[in-house]
Amino acid sequence: DAGVTQSPTHLIKTRGQQVTLRCSPKSGHDTVSWYQQALGQGPQFIFQYYEEEERQRGNFPDRFSGHQFPNYSSELNVNALLLGDSALYLCASSLVADYEQYFGPGTRLTVT
Amino acid sequence: SQQGEEDPQALSIQEGENATMNCSYKTSINNLQWYRQNSGRGLVHLILIRSNEREKHSGRLRVTLDTSKKSSSLLITASRAADTASYFCATPIKAAGNKLTFGGGTRVLVKP
C-alpha cells in the first residue's frame, strides 16, 4: 500500500515564475491538505481539498491555488513566485472524518 | 499565529539518555498529536492523545496531556542516534476540516 507521494522532490524556480506541485494521497483517503514549511519553522496550513473543492484555507494569498482530481490526487499552484515562497511544501492525506493525517516526503522549492 | 509552542527549541543528549520536550497550546482541543521530522523531510505521525486522556505510551514514547494547563509533554526513553530529528506537536481544528496547527518544533540531537 503506497503512502502519500509527492512530485517533484526538488524544484528551482526564478522570481515571477509559476510552479505546480503534485500529490497522490494514501490509498483510501479522500482529503488532501497542503502545508508550507519554511526553514526552521513548523508547517503552516495552506488549504484543504475534499470532493474536488477547497474546504478550508489558511492565511495565504490568492497566488496559491489548488485543485483536486476525481481520483483524489491534488495539485498546488503558486503564481508570481517570490523569494519568500522558498520552502518545503508538504501534502497530507486523510479521511474527511479522521483526525490522523499522513504526510508525504515533501517538495523542496527554491526561488532564486 | 501558531497554536502550539514547543520547549525547548533544541536539545542535545547522549545516546541512552531520556529526552523530554513540552508543548503549550492556546485553545481547547479534542486531541493533540506529536510528529517527527527527519532532515527536513516528511512528517511521521508518532502518537495521538485525546483530550480525555492524561497519559499514553507507544514503545519508547510517553506522552502526557494536561488540559487545565493547556500543555503536553513527549518523553523519549533510552534515546538512540536514530531519534535525532525535529519533533512537533499539532492540534487539529475540527471546525476547520481538522487542519493541523503546528508549533515551531524541538530539534533533538542524540550523540552516540
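Structural data are supplied above this passage.
Values in this document were obtained by computation on a predicted structure and should not be read as measured data.

A. Inspection of the state of the cysteines at higher detail. Evaluation of the coordinates by the stated rule reveals two disulfides over all chains. Disulfide pairing is shown between A:C23 and A:C91; the S-S distance is 1.8 Å. Between A:C23 and A:C91, the S-S torsion sits near -55°, and that sign places the bridge as left-handed. One end of the pair, A:C23, is in strand β3 (residues 19-24); the other, A:C91, is in strand β9 (residues 87-94), and 68 residues separate them in sequence. Of the residues examined, A:C23 reaches a relative accessible area of 2% and is grouped as buried. Given a relative accessible area of 0%, A:C91 falls into the buried group. Here B:C23 is linked by a disulfide to B:C89, with a sulfur-sulfur distance of 2.0 Å.

B. Up close: the packing of aromatic side chains. For the structure shown, the criterion picks out nine aromatic pairs over all chains. Geometrically, the ring pair formed by A:Y35 and B:F102 is edge-to-face, given 5.9 Å between the ring centres and 90° between the ring planes. Of the two residues, A:Y35 sits in strand β4 (residues 31-37) while B:F102 sits in strand β10 (residues 99-102), which places them in two different chains. Across the pair, B:F102 and A:Y35 agree in class, each one buried. Seen in terms of ring centroids, A:F60 and A:F64 are 5.1 Å apart; in terms of plane orientation they differ by 65°. Their pairing is edge-to-face. The class of A:F60 is buried, set by a relative accessible area of 15%. The class for A:F64 is buried, based on a relative accessible area of 1%. Among the aromatic side chains, those forming a connected cluster through ring pairs are A:Y35, A:F45, A:F103, B:Y35, B:F88 and B:F102. Its guanidinium or amino end placed over the ring of A:Y102, A:K26 lies 5.1 Å from that ring's centre, counting from NZ or CZ.

Cut-off values and rules
The residue numbering used here restarts from 1 in each chain and proceeds along that chain's sequence as written. Key to labels: chains lettered from A, ligands numbered from 1, both in the order written. Local features in this predicted model are restricted to residues of pLDDT 70 or higher, and side-chain atom pairs are both shown and tallied only at a pLDDT of 80 or more, whereas totals for entire chains, interfaces and linings draw on every residue. Values shown for side chains rest on all heavy atoms present in the structure; no hydrogens or waters enter the calculation. Note on disulfides: each one is a pair of cysteine sulfur atoms within 2.5 Å. Helix numbering and strand numbering both begin at the N terminus, where a helix is a DSSP run of H or I of at least 4 residues and a strand a DSSP run of E of at least 2. Only protein chains enter the area calculation, which uses a 1.4 Å probe; residues under 20% of their type maximum are buried, those over 50% are exposed, and those in between are partly exposed. Each aromatic pair joins two rings of Phe, Tyr and Trp (for Trp, the six-membered one) with centres within 6.5 Å, and gets the label stacked for planes under 30 degrees apart, edge-to-face for over 60, and tilted for any other angle. Either the NZ atom of lysine or the CZ atom of arginine qualifies as a charge over a ring when it sits within 6 Å of the ring centre and within 35 degrees of the ring normal.

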